[in-house]
Amino acid sequence: MKLHPSLESIGQKVGKGERLSHEDGLSLFRSPDLLSIGALANIVRERKNGNRAYFINNRHINPTNICKNRCKFCAFSKTSGEEGAYTMGLEEILKAASDYNNGNVSEFHIVGGLHPDLPFRFYEDMLKALKRRFPAVHIQAFTAVEIAYLAEISHLGLGKTLGRLREAGLGSMPGGGAEIFSPSTRKKICPEKITGDEWLQIMETAHGLGIRTNATMLYGHLESMEDCVDHLLRLRELQDKTGGFLAFIPLAFHPKNTDLETVRSTTGQLDLRVLSISRLMLDNFDHIKAYWIMMGPKISQLSLLFGADDMDGTVVEEKITHAAGAETEEFTAKQTLMDLIRETGREPYERDTLYQKMVKV
Ligand code: V47
Ligand code: SF4
């Protein structure tokens, strides 16, 4: 493959399976040659996952949008009493869980705001009730930010809080809340949130207890290229230590109805670039997800040729990105995901949360 001069040494490293450096990451962000970056990411993607492209039959549930943090990039959260603020009761949560395919999904993905008044018991009861009604469904719930908050309100400490949640039915944790680790940028976009160091510490503790998690990075807001490369390298460092991350998901910032509304939406160019660079830098992550809700099905489909090996899932109901102006549907049928995958020449595989059961469909 003839590479742009800016990518020659990176191409050699990728060919030999060598680790890329911070400087390489910056060169990838600066290079004008997106197609070559994608082609290099594709080499790594095919080395790790062959021609497979995964998806999951899942349902998202957001029990409450009331949140004491009110991050500047978030259009989903509300203050108690504000118009549009909601908190679902247990029955409502169970009803939502069963309203798609009778609850016949392989995963419930549950995240929400940091509610100032709900007790720790509410979260335990929710997990237990879901597990009782849908014993076969894996529950992936609570970002590290929520876990930090639950540890605070439970007064049990982090390890015990995670242990209690696991006993109640928690299977794994999603990757949200990572945003961008750089302290100065983080302060601008989510000053109330736990720090990047704390996010990493919580993930390390979860991994130490055998709880697998995902990881994310929010991009397309006020971050710099350096922030992104630093973020990816810190994830890579923790993955070297614990091996607990399942997948990485780059999250495209949606500005509408947020305090950062003047920032323009991400472009297809940036979406594909961040995704490919993530695949190249995170050499110890097995999976890179192109979350179709945030990228849109069109770019998400092309991502399968730019380093991604997973399109996430059926989702069914999505509030976080849609509050911020997402124009995608909230639900994509399994058949549609399979068609999108096949059109790119990849082979669709339906997977479970932990990538243990993967069935060619
Ligand atoms: O933590 C909030 C982000 C996350 C906006 O682990 C926004 O498999 C874009 O983490 N524009 C929640 N992003 C979603 C999330 C996720 C989604 C799908 C799969 C997985 C996984 C994780 O959404 C939040 C925050 O980082 N977010 N507001 C916004 N305006
Ligand atoms: Fe709350 Fe999460 Fe929204 Fe921040 S991103 S305001 S923590 S719901």
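A brief look at the structure comes next.

Quick notes on the rules
- Numbers given to residues run from 1 along each chain, matching the order in which its sequence is written.
- To read the labels, note that chains go from A and ligands from 1, taken in the order they are written.
- At least 70 in pLDDT is required for a residue's local features to be given in this predicted model, at least 80 for side-chain atom pairs to be given and counted, and no such filter applies to totals for whole chains, interfaces and linings, which use all residues.
- To get the side-chain values, all heavy atoms of the structure are used, and hydrogens and water are removed first.
- We call a set of buried residues a nonpolar core when its members are Ala, Val, Leu, Ile, Met, Phe, Trp, Tyr or Cys and they connect through side-chain atoms within 4.5 Å of each other.
- Here the term buried applies to any residue with accessible area under 20% of the maximum for its type, exposed to any over 50%, and partly exposed to those in between, with areas from a 1.4 Å probe on protein chains only.
- Residues count as neighbours in contact if any of their non-hydrogen atoms are within 4.5 Å of one another.
- If even one non-hydrogen atom of a residue comes within 4 Å of a molecule or strand, that residue is called near it.
- Between N or O atoms, a polar contact is any pair within 3.5 Å; within protein, one atom must be a potential hydrogen donor and the other a potential acceptor, and residues adjacent in sequence are included only when both atoms are from side chains.
- We get accessible surface area from the Shrake-Rupley algorithm with a probe of 1.4 Å; when it comes to residues, only the shown protein chains can shield them.
- What counts as a helix is a DSSP run of H or I of at least four residues, what counts as a strand is a run of E of at least two, and both are numbered from the N terminus.
- Any residue outside Ala, Val, Leu, Ile, Met, Phe, Trp, Tyr, Cys, Pro, Asp, Glu, Lys and Arg is labelled polar, Gly included; the first ten of those are nonpolar and the last four are charged.
- Only when DSSP finds a minimum of two bridges between them are two strands counted as paired.
- Working convention: axes come from line fits to C-alpha atoms, limited for helices to the stretch in contact. Angles between N-to-C directions cover 0 to 180 degrees.

## Let's talk about the nonpolar core
Among the nonpolar cores identified, the biggest contains 111 residues, and Phe108, Leu130, Phe142, Met173, Trp199 and Leu235 are the most heavily contacted of them. Among residues more than four places away in sequence, those in contact with Leu130 are Ile93, Leu94, Ala97, Phe108, Ile110, Pro135 and Ile139. Counting five residues, the second largest nonpolar core, distinct from the first, contains Tyr54, Leu246, Ala247 and Tyr355.

## Some details on the site of ligand 1
If you check the shell around ligand 1, you find 22 residues, and the closest are Phe73, Gly175, Gly177, Glu179 and Lys289. Measuring from an oxygen atom of ligand 1, one finds a side-chain N or O atom of Lys289 at 2.6 Å. Look at ligand 1: alone it shows 610 Å² of surface, and the protein chains cover 96% of it. Where the shell around ligand 1 is concerned, the elements lending two or more residues are β5 (213-219) and β6 (245-252). When its residues are assigned to classes, the shell around ligand 1 shows 12 nonpolar, eight polar and two charged.

## Points about the sheet that holds strand β4 (residues 138-141)
Strands sit in the order β2-β3-β4 across an open sheet of three strands; the sheet is parallel. Of all strands in the sheet, those bounded by a partner on one side alone are β2 (58-61) and β4. The mean angle between the axes of side-by-side strands here comes to 20 degrees, regardless of whether they run parallel or antiparallel. In this structure, strand β3 (residues 107-110) lies alongside β4, joined through four bridges in parallel fashion.

## Describing the sheet that holds strand β8 (residues 310-313)
Pairing is mixed across the open sheet formed by four strands, whose spatial order is β8-β1-β9-β10. Each of the sheet's edge strands pairs with one partner strand only, and the pair in question is β8 and β10 (358-360). Sheet twist, expressed as the mean angle between neighbouring strand axes with direction ignored, is 30 degrees. Note that strand β1 (residues 52-56) and β8 share two bridges and pair parallel. Across the sheet, the residue bridging to Tyr54 is Asp310, located in β8. On top of the sheet, helix α14 (residues 334-343) reaches β1, β8 and β9 (347-351); it is set at about 165 degrees to β1, its chief contact.

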